[in-house]
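Inside the fold
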Amino acid sequence: MTDDAYLFLVDDPSIPLGAAVAAVGDLACLETPAVRAWLDAHEVTAASATVRLLPPEETGAIPDGAEKLPVPLSEDELNRLRLALAPDALARVEEELLAYRDCAGERDALLARAAAAGVPPHRIVELTGEDPRTVAVATAAATAAQGQGRPSDAGPRQR
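Predicted model only: the values in this text are computed from it and were never measured.

A closer look at the environment of Thr128
Inspection of the secondary structure puts Thr128 in helix 6 (residues 121–128). Along the primary structure Thr128 and Arg107 are separated by 21 residues, whereas in three dimensions their C-alpha atoms are 9.6 Å apart. Among the polar contacts made by the side chain of Thr128, one reaches the main-chain carbonyl oxygen of Ile124 at a distance of 2.7 Å. Among the polar contacts made by the side chain of Thr128, one reaches the main-chain amide nitrogen of Glu130 at a distance of 3.1 Å.

In C-alpha cells form, the structure reads like this:
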C-alpha cells in the first residue's frame with residue numbers, strides 16, 4: 001500500500017475501475033509539472049474518460065502494465081475521491097439521514113409515550129442514545145399530561 005493516490009489509464013472507458021478525474025473535481029496535483037508532463041506524454045487530458053484515479057488503499061486494483069502515476073491528494077481531495085467511488089454508499093447514508101429526520105420529528109412524542117407507558121428514564125436514555133436532559137423534559141411532559149387527564153381518586157362527584 002502507498003500513501004499516494006494514483007492516476008492511471010484504462011484502455012476501455014466503460015471499465016468501472018477508479019473514478020474519472022472530472023467526477024472528483026479540481027485537484028491541485030493536476031497543475032504540477034509532473035502530472036502535466038505525464039498527461040502530455042500519453043496524449044490525454046485530465047478530462048479524458050480514460051484517465052482514472054484511485055485512493056491509496058485501492059491502488060492494488062490497478063491492472064498490471066497500466067500506465068500510472070502517484071499523486072499526492074489533500075484530505076479534502078481524498079474524501080471527494082472516495083465519495084465519487086461510492087455513490088451507492090452515499091445514497092444509503094442520505095436515506096438514513098432522511099429516515100432520521102422523519103423519526104426525529106416524532107422524537108418528543110415517542111419519548112413521552114415511552115415515559116407514559118412506564119419505561120424508566122434511564123432505560124429510555126440507554127435505548128435511544130438521547131441526552132438524559134431531553135428525556136427528563138419529555139418524561140416530565142408525559143407525567144404532567146397524565147396528571148391532567150387522570151380521573152380523581154375520590155370517585156364521581158355528587159351534585
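Overview of the sheet that holds strand 2 (residues 19–20)
The four strands lie next to each other as 2-3-1-4, forming an open sheet whose pairing is antiparallel. Two strands lie at the open edges of the sheet, namely strand 2 and strand 4 (68–71), each paired on one side alone. Relative to strand 4, strand 1 (residues 5–9) is paired through four bridges, and the arrangement is antiparallel. Bridging across to strand 4, Tyr6 finds its partner in Pro70. Set on the sheet, helix 2 (residues 33–41) makes contact with strand 1, strand 3 (51–54) and strand 4; between it and strand 4 the angle comes to about 165°.

A few points about the side chain of Glu77
By the secondary structure assignment, Glu77 is in helix 3 (residues 75–85). Buried charge without a partner: Glu77 forms no salt bridge, and the closest opposite charge is Arg80, 4.3 Å away. In contact with Glu77, other than residues within four places in its own chain, are Val24, Asp26, Leu27, Ala28 and Pro72.

Things to note about the packing of aromatic side chains
Scanning all chains against the criterion turns up zero aromatic pairs. Across from the ring centre of Tyr6, 5.5 Å away, lies the NZ or CZ of Lys68, which sits over that ring.

Re the nonpolar core
Counting 21 residues, the largest nonpolar core has Leu7, Leu27, Leu30, Val35, Leu53, Val71 and Leu73 as the members making the most contacts within it. Elements with a minimum of two residues in this core: strand 1, helix 1 (21–24), helix 2, strand 3, strand 4 and helix 3. Contact partners of Val35, with chain neighbours within four places excluded, come to Leu7, Cys29, Leu30, Leu69 and Val71.

Side note on the pairing of strand 1
With five of five residues buried, strand 1 lies mostly within the body of the structure. Residues Ala5, Leu7 and Leu9 line one face of strand 1 and the alternating positions Tyr6 and Phe8 line the opposite face, and both faces are buried. As paired strands, strand 1 and strand 3 are joined by four bridges and run antiparallel to one another. Along strand 3, the bridge assignment pairs Phe8 with Arg52.

Rules behind the numbers
What you see as residue numbers is a count from 1 along each chain, following the sequence as written. In keeping with the predicted nature of the model, local features appear solely for residues at pLDDT of at least 70, side-chain atom pairs appear and are counted solely at 80 or more, and the whole-chain, interface and lining totals rest on all residues. In computing side-chain values, all of the structure's heavy atoms are included and hydrogens and water are not. Secondary structure elements are taken from DSSP: a helix is a run of H or I of four residues or more, a strand is a run of E of two residues or more, and numbering for both begins at the N terminus. Any pair of nitrogen or oxygen atoms within 3.5 Å is treated as a polar contact; in protein, a donor-acceptor pairing is required on top of that, and neighbouring residues in sequence qualify only through side-chain atoms on both sides. Paired strands, in this sense, are two strands between which DSSP finds at least two bridges. Contacts between residues were defined by any pair of non-hydrogen atoms, one from each residue, lying within 4.5 Å. Lines fitted to the C-alpha atoms define the axes, with helices restricted to the stretch that makes contact. Angles between their N-to-C directions range from 0 to 180 degrees. Exposure categories follow from relative accessible area, calculated using a 1.4 Å probe and restricted to protein chains: below 20% of the type maximum is buried, above 50% is exposed, and the middle band is partly exposed. Positive: Lys, Arg. Negative: Asp, Glu. His and the chain ends are not part of the count. Whenever Lys or Arg places a side-chain nitrogen within 4 Å of a carboxyl oxygen from Asp or Glu, that contact is recorded as a salt bridge. In summary, the pairing rule links any two rings of Phe, Tyr or Trp, Trp by its six-membered ring, whose centres are within 6.5 Å, and it sorts them by plane angle into stacked for under 30 degrees, edge-to-face for over 60 and tilted for everything else. In this scheme, the term charge over a ring applies when either NZ of a lysine or CZ of an arginine sits within 6 Å of the ring centre and within 35 degrees of the ring normal. For the purposes of this section, nonpolar cores are sets of buried Ala, Val, Leu, Ile, Met, Phe, Trp, Tyr and Cys residues that join through side-chain atoms within 4.5 Å.

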